[in-house]
Each structure stands twice: as C-alpha cells, then as structure tokens.
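What follows is the residue order along each chain.
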Amino acid sequence: MYRSHNCGELRKCDVGKTVRLAGWIHSVRDHGGVIFIDLRDHYGLTQVVIDPEKSFYQALDRWRVESVVRFDGEVVARSAETVNPKLATGEIEIRATDMEMLGEAEVLPFQVAKDDCAPEAMRLKYRFLDLRKDKLHNNIILRSKVISEIRRYMTDLGFNEFQTPILTASSPEGARDYLVPSRLHPGKFYALPQAPQQFKQLLMVSGFDRYFQIAPCFRDEDARADRSPGEFYQLDVEMSFVEQDDIFKVIEGLIADVFTKFGKKKFAPPPFPRIPYRESMRRFGSDKPDLRNPLEMIDVSELFRGCDFKAFASTVESGGVVRAIRAPQVAGKPRKFFDDMIKFAQENGAKGMAYIIWTGEGEKSPIVKFLTREIIDGLKQTGGVQEGDALFFLADQEKLVQKIGGAVIPELGRQLGLIDQDEFKFCWIVDFPMFERDEETGEIIFSHNPFSMPQGGLEALNTKEPLDILAWQYDIVCNGIELSSGAIRNHIPELMYRAFEIAGYDRSVVDRKFGGMISAFKLGAPPHGGIAPGVDRMVMLLADEPNIREVIAFPFNQQAEDLMMNAPSEVTLKQLRELHIEVKLPKKAEAPAASRE
RNA sequence: GGGGGAGUAGCUCAAUUGGUUAGAGUGCCACCCUGUCACGGUGGAUGUUGCGGGUUCAAGUCCCGUCUCUCUCGCCA
C-alpha cells in the first residue's frame, strides 16, 4: 500500500491516527533540530515533521524538492500558534516514523513551488513539471470539468455524441490541411479534419437529428495568443429542422450554464445582444468587438463635407468617410498621450489622426482653426462630448478606417482603463455577407462559408446584388474573443449550384469538389444548421488566462513544435520508402531529410 | 512572408557616453540553527554575454550577417 490517505484530506478529527502519505516534496525547511517538509499531491499539501535523530533520516543523503517519497507517521494536532490557516490541512501535521524514496528528482530546470518566471520554451520542454504547478494543474482540471459539464448538458437536451474520422479527405476550401501519406495508395494523401463539417451535416441527412462532439480539429495555420497552432478542440454541434434562433437558444443556455458554474465573473443572462456584421465593422472596426470597451466609431463625414480642412473635405469628396472616437476625460493627459496615439494609428496604416479636446476654456486642437463654430459644435453634439472629453478622427476609405479603428479602440480602451476586468460580455454577430470582393483580383468570392444558407434563398441569389446578399451565418463573441462560428446550412442542391456559380465555379467543379455532399442532399436532406464553440477558448476565458497554451496540457509552441516529444521529427528512410515519399528540402534547411535506418 | 520586442550564470534580471577581475536575486553545494510554512544565518561553486564576421588600444555595449524566442499583420471554409 502506497498510501492510506492523500495529502489534502487529513483534519483535526484524524489526530491520533497512524497514516501513510505519498507525494512530491514541495518544500524543505531544515531547522537543525527539526525539519519540516510540505508533502504535495493532486489533492493538497500536508506538513510532515521529522526528527533528524531518526535512523531513516540519517540514512538519507539528500532531500531534494520534487522527489517522490512515502512517509509513515502519526497525525498530531498543531499548537494554536503554529496552525497554518492558508492550508486546508493546516490544523494538523504528520510526525514521521519512517520514509521511503519512491522517485528521486535531480536538480530542476525551474522551480515548481514558486513561480520563477521560467521562459515558455523551457516550460514546454518540461511540461510535466510545469503541470505540477498549482495554476496550470487547476486550469487542466477546470478544462476536464467544463468538458464533462458540456457532455452532461448536451446529452440532457437530447443530443447524441458521435465520433467522426480523423483520417479523411483533403478539403479544397479553407485553411491549410495536415496531410498524411497513404502507404497503400502511392501518391495519395489523407488529411486530418479542419472540422468535422461534412460528417456532421451527413449525420443530419442520416436522420440523427441532434449531434454533438468534443471534436479535435487540425489546421496548419500560424499561431496567435488565442490560437494554438496545429490542433484544437471544439464543441461541434449540428441540429435538424432548426432556424438560427433555435441554435442560439441551445448555445445561450449552454454558455450561461458553464459560465455560471465555472466562471468567476458577472455577466448579463441570455438572450445575448445581436449585432449585424456590417454594424459591428462600422462601429468597432471588428467582427469580434470587446463590448466591455465603451468606445466606438461615430460617423461625422457629413459635418466635414466641403469644410476648410482640406484633408477631411477631400476624403469625403472622394467617397471616403470620417469617423470619430470619443475618449472620455482625457483633457488632463500630457501631449505625449495624444502623440503616442497618433503614432499608434499610423503604425496601423493611418495617414494621421486628428483630435479635438474640449477643455473648460474652449477647444484645443491642431485642426480647430480650419473649422467653423457650427462644425465644432456639431461634432460636440454628434459625439456626445462632455467637457474634458476628446474626439479622435480617422479619415480615409471606409475599409481602412475600420481597420485602423479596430486597432485604436482596444488600445485606447486599455490605456484609459475603460475595460471592466470582472465581467463577461457576450454578443452574437449576425448577418454576415455571403460574398465579398477579392481585393487583389476584384472577383466575387465566398466571404466565409460556401455551405451557408443565403438569406432569401434562391430568389435572393437570382435577384440581388451578390455583395448585398446576407447569409444565415453567425459568431458568438465574448470579451473580444471569437468563441464560435456557425451557420444554417444550404441543403438544397439547386441553391448550392447557384451560389457557387456566383463565386465563379461551374456545375462540374462543384460536383467534383463537393460531390459527396451534393449527392447526399439530392436524396432527401432536412434543413439543418449548427455551430462549434472552441473549447480551449472557453476554458481560457473561464480560467482568465490571456494565453491559450495555459489551458492545454501539452500544447505546441508558436512554431507548431512539441518541445517535449520533439515533434515534428525526421523519420527513417525505410518509413519514407514505404510511403513513396522523397523529401526535397528548401535550400536553407541544414538537417538531413531522414536519419539513418 | 512582413513588422515590433527580446537573447548576459540552471532560471529571472543588472552592468552610465565603448573602459578594472561581467554583478544581484533565486536555485545548487557545504556548514550552523527545535516551530517553520517563500524559514533564517555563514561560506562556496557556476558565464563561449545566442552564433559568425567587422570597427577599435579596448566590444555584453557600435556596425553587418545569421539563428532562436515572443507579440502581431497576412493566414484562420
């Protein structure tokens, strides 16, 4: 028997018991005549007291932290002045009578008992050590609990969980695939799924009605703070005979349940606000606005039309826009604050950024001398300006203004401390456009997902300007993080051919690329739709972690490498031969194509 | 692929305009200490300043190249 109790469960009522504990040496405090050891396991910490005269201690030459040991001893009550209120087991301690070394530790590459800010590459290489730390350990347990709660909630609603293939076909649209060469079929490749999109739709065609899966997804794209490269998990959901509102209801209920049970921040109960995509872009310059931030862009183009400030007047004249962002109570800020904000806007593509400050004694601004009293007062009124506020102005073509505003708004909100850190703010972004114009080629392309149902159906496709057609496509956003995107699917073959035709694909191409799906839809497909919230991002928000790697047990680094397992790695020539693969490296690479057999 | 930041002891960082033997904290090793819980005290060991080249009497510091990490834009049906 390795233990009679764990390190987190002994209390005052256990005093007098003879116990056996096993765990990691968390810390050692050697006082010469008495030695204290904090013994740690998954469940907690217990203090072990050792008399250095004991023979088992004499036989030992090292007490290195993070070694795994077993202690026998008696549970004794701590005297009142030595109770440690910070420990759940702080009212007792173990007087050791014997011990055994179960797994000795060498010198550690970084500390476990305290955070020594070790660099992430080191932490990833020794992930098993890092995972012993309280914070990370708790994050991973939280993730486990969230996932089991999701399963319970979805199952209770009548959803069934399915498994879909991991080795599947390369999909022609979307992100880069991870490819797996086929041994039996020379020259052919499997792909890891970017999402189980087609499978879940086919399950609806098969009549399963309500599907979910905690689904691994694989995309060969570059990393971000909120995007782990390579692989991630999503709660993949699909439902038959539903409209957008039915999906929203399920997901709002699930989110409210999970965020109430596991989140530590307040949030307004569902229904969550819905913002059309175009409105979100116009106001926030983003399709994932952080609604904790009160800043937004206000259109003031008409006020500047024909004014004496030529830069703005000519922008409006040539079809551009002028948008204002109201920065509350910044009149007291030094000049440098305004200069730095302008510099920030310029780094994000702005030609410049004008501003007007309403101080107690009139307006302060580099541009106010070009403006009439009517314009200035009009700006004050349109912008809802109070004394002490300032307006920042961005003037350019609409798309660029949105991009710059999308960068300036979060930065300004952060600098001014306008973002409430103790709150979750959810919203749906709805009415995504079906098509957009490729900026380089000028051609009409699908803007998000070719499988979404266009609003207005075939009639809209046949009669409306392509760029004006909206899709039943939606995202759910929390605190500026896109949690999920989903859509009501296009399940009508004729409608699909027509949508693809608008995007420049003729019938034969569609049949070749999406033949499986189309032929399924030709044999009786129910209207259906779904959504796929990212599990990692949900846990990231619940754990209040700014970095997604902190909620994944064994994440890739930013270069999509596993520093602990050494993946990706070279393979033997024999393996390559079996797969009919010959490796041709780029000139710069130094490593050989394959190690010797 | 582009842009910003970083690279000095196992780890976190310092080192004035280029100027003595590159320091501190932490960890590690040894010793002292019977009530600590980030224990305390004394002493000690530990450096290719990422790598390569250049300028200079002299380079951690300046210049060029290169590599790595990180954040970000592109990318993410």
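Residues numbered from 1 in each chain as written. Chains lettered and ligands numbered in written order. Predicted model: local features only at pLDDT ≥ 70, side-chain atom pairs only at ≥ 80, totals over all residues. Heavy atoms only, no water.

*Asks:* How should the overall build of chain A be read in this particular structure?
*Replies:* On a plain count of helices and strands, chain A comes out with 17 helices and 22 strands. Across its three principal directions, the C-alpha atoms of chain A cover 95 × 75 × 55 Å. Expressed as a percentage of its 597 residues, the buried residues of chain A come to 49%. The long-range fraction of contacts in chain A, counting pairs at least 24 apart against all pairs at least 6 apart in sequence, stands at 67%. Between the centroid of the 77 positive side chains of chain A and the centroid of its 90 negative side chains there is a distance of 2 Å. (Helix = DSSP H or I, 4+ residues; strand = E, 2+ residues; numbered from the N terminus. Buried < 20%, exposed > 50% of the residue type's maximum accessible area, 1.4 Å probe, protein only. Contact = heavy atoms within 4.5 Å. Lys, Arg positive; Asp, Glu negative; His and termini not counted. Charge placed at Lys NZ, Arg CZ, Asp CG, Glu CD.)

*Asks:* Mind showing me how you'd approach the protein's contact with RNA strand B here?
*Replies:* Near RNA strand B you find 47 residues, and of these R29, T82, E93, G174 and H448 are the closest. If you look at RNA strand B and keep only atoms within 4 Å of the protein, 55% of those are sugar or phosphate atoms. In this structure, a base oxygen belonging to RNA strand B sits 3.1 Å away from a side-chain N or O atom of N84. At 3.2 Å, a side-chain N or O of R219 approaches a sugar or linking oxygen of RNA strand B. Those elements giving two or more residues to the surface near RNA strand B turn out to be β1 (18-30), β2 (35-41) and β5 (92-103). In the surface near RNA strand B, the residues fall into 11 nonpolar, 16 polar and 20 charged. (Near = heavy atom within 4 Å. Polar contact = N/O pair within 3.5 Å; in protein donor to acceptor, adjacent residues only side chain to side chain. Nonpolar A, V, L, I, M, F, W, Y, C, P; charged D, E, K, R; others polar.)

*Asks:* In this structure, what is going on with the side chain of S67? I would like to understand it.
*Replies:* Mapping S67 onto the fold places it in the loop between α1 (55-58) and β4 (68-77). If sequence neighbours within four positions are ignored, S67 has contacts with G23, W24, I25, M101, G103, E104 and A105.

*Asks:* Hey, could you run me through the nonpolar core in this one?
*Replies:* Judged by nonpolar contacts, the single largest core of 68 residues is most densely connected at M154, F259 and F435. When sequence neighbours within four positions are dropped, the list of residues in contact with F435 reads I444, I445, F446, S447, L461, P466, L467, I469, A499, I502 and A503. Residues L295, I342, L394 and I404 belong to the second largest nonpolar core, which totals 24 residues. (Core = buried A, V, L, I, M, F, W, Y, C linked by side-chain atoms within 4.5 Å.)

*Asks:* Help me out: how do you make sense of the layout of surface pockets in this one?
*Replies:* The method is simple in principle: a probe with the dimensions of a water molecule rolls over the atoms, and the space it marks as empty is what remains. Roughly 1000 Å³ of internal volume is contained in the second largest pocket. Every residue lining the second largest pocket is counted, 33 residues in all, and those nearest its centre are D290, P410, N479, G480 and I481. At 7 residues, the largest contribution of residues to the lining of the second largest pocket is made by helix α12 (residues 398-415). Taken together, the residues of the lining of the second largest pocket break down into 14 nonpolar, 8 polar and 11 charged. (1 Å grid on protein atoms, 1.4 Å probe; cavity = no way out; pocket = protein on both sides within 12 Å on 5 of 7 lines; lining within 4 Å. Points joined across faces, edges and corners; volume = space filled by probe spheres on them.)

*Asks:* Before we go on, may I ask you to explain empty space enclosed by the protein in this structure?
*Replies:* Enumeration over the complete set of coordinates arrives at 1 cavity of 30 Å³ or more. By volume, the largest cavity amounts to about 30 Å³. Contributing to the lining of the largest cavity are L124, R127, F554, P555, D562 and M564. Of the residues in the lining of the largest cavity, the class split is 4 nonpolar, no polar and 2 charged.

*Asks:* I tried to follow the pattern of salt bridges on my own but got confused; where do I start?
*Replies:* Where charged atoms from two side chains of opposite charge approach closely, those side chains can pair. Applying the stated criterion to the full structure yields 47 salt bridges. For E149, the salt bridge goes to R152, with nearest N and O atoms at 2.9 Å. Taken together, the residues E149 and R152, both in helix α4 (residues 134-156) and 3 residues apart, mark about one turn of the helix. The exposure class of R152 is partly exposed, given its relative accessible area of 36%. R326 serves as the salt-bridge partner of D389, at 2.8 Å between the closest nitrogen and oxygen. One end of the pair, D389, is in the loop between α11 (373-382) and β16 (390-396); the other, R326, is in strand β13 (residues 321-327), with 63 residues separating them in the sequence. Assessed through its relative accessible area of 1%, D389 is described here as buried. Taken together, the shared-partner salt bridges in this structure form one network comprising R123, R127, D130, K133, K135, E545 and E550. (Salt bridge = Lys/Arg side-chain N within 4 Å of Asp/Glu carboxyl O.)

*Asks:* How should I be thinking about helix α14 (residues 493-502) in this particular structure?
*Replies:* An α-helical segment advances 3.6 residues per turn. Residues three or four places apart therefore align on the same side. In terms of burial, α14 is a largely internal element, 7 of the 10 residues being buried. Taken residue by residue, α14 has P493, L495, M496, Y497, A499, F500 and I502 as its buried positions. Turning to α14, the residues buried within the fold contact β18 (435-437), β19 (444-446), α13 (457-463) and α15 (507-521). Backbone geometry just after α14 places G504 at a positive phi near 90°.

*Asks:* Any chance you could explain the pairing of β2 here in plain terms?
*Replies:* Side-chain direction in a regular strand flips from residue to residue, so the side chains alternate between the two faces of the sheet. Burial within β2 is extensive, with 7 of its 7 residues counted as buried. Taking every second residue as pointing to the same face, both faces of β2 are buried, with I35, I37, L39 and D41 on one and F36, D38 and R40 on the other. Two strands pair when backbone bridges link them, and β1 and β2 are joined in this way by 6 bridges, in the antiparallel orientation. Across the sheet, the residue bridging to R29 is F36, located in β2. Adjacent in sequence and paired antiparallel, β1 and β2 are bridged by 4 residues, among which G32 carries a positive phi angle near 85°. Looking at chain direction, β2 and strand β3 (residues 44-50) are connected through 7 bridges and run antiparallel. Of the residues in β3, the one forming a bridge with R40 is L45. Remark: 2 residues form the turn of the hairpin made by β2 and β3, two consecutive strands paired antiparallel. (Pairing = 2+ DSSP bridges.)

None of this, on its own, says anything about what the molecule does.
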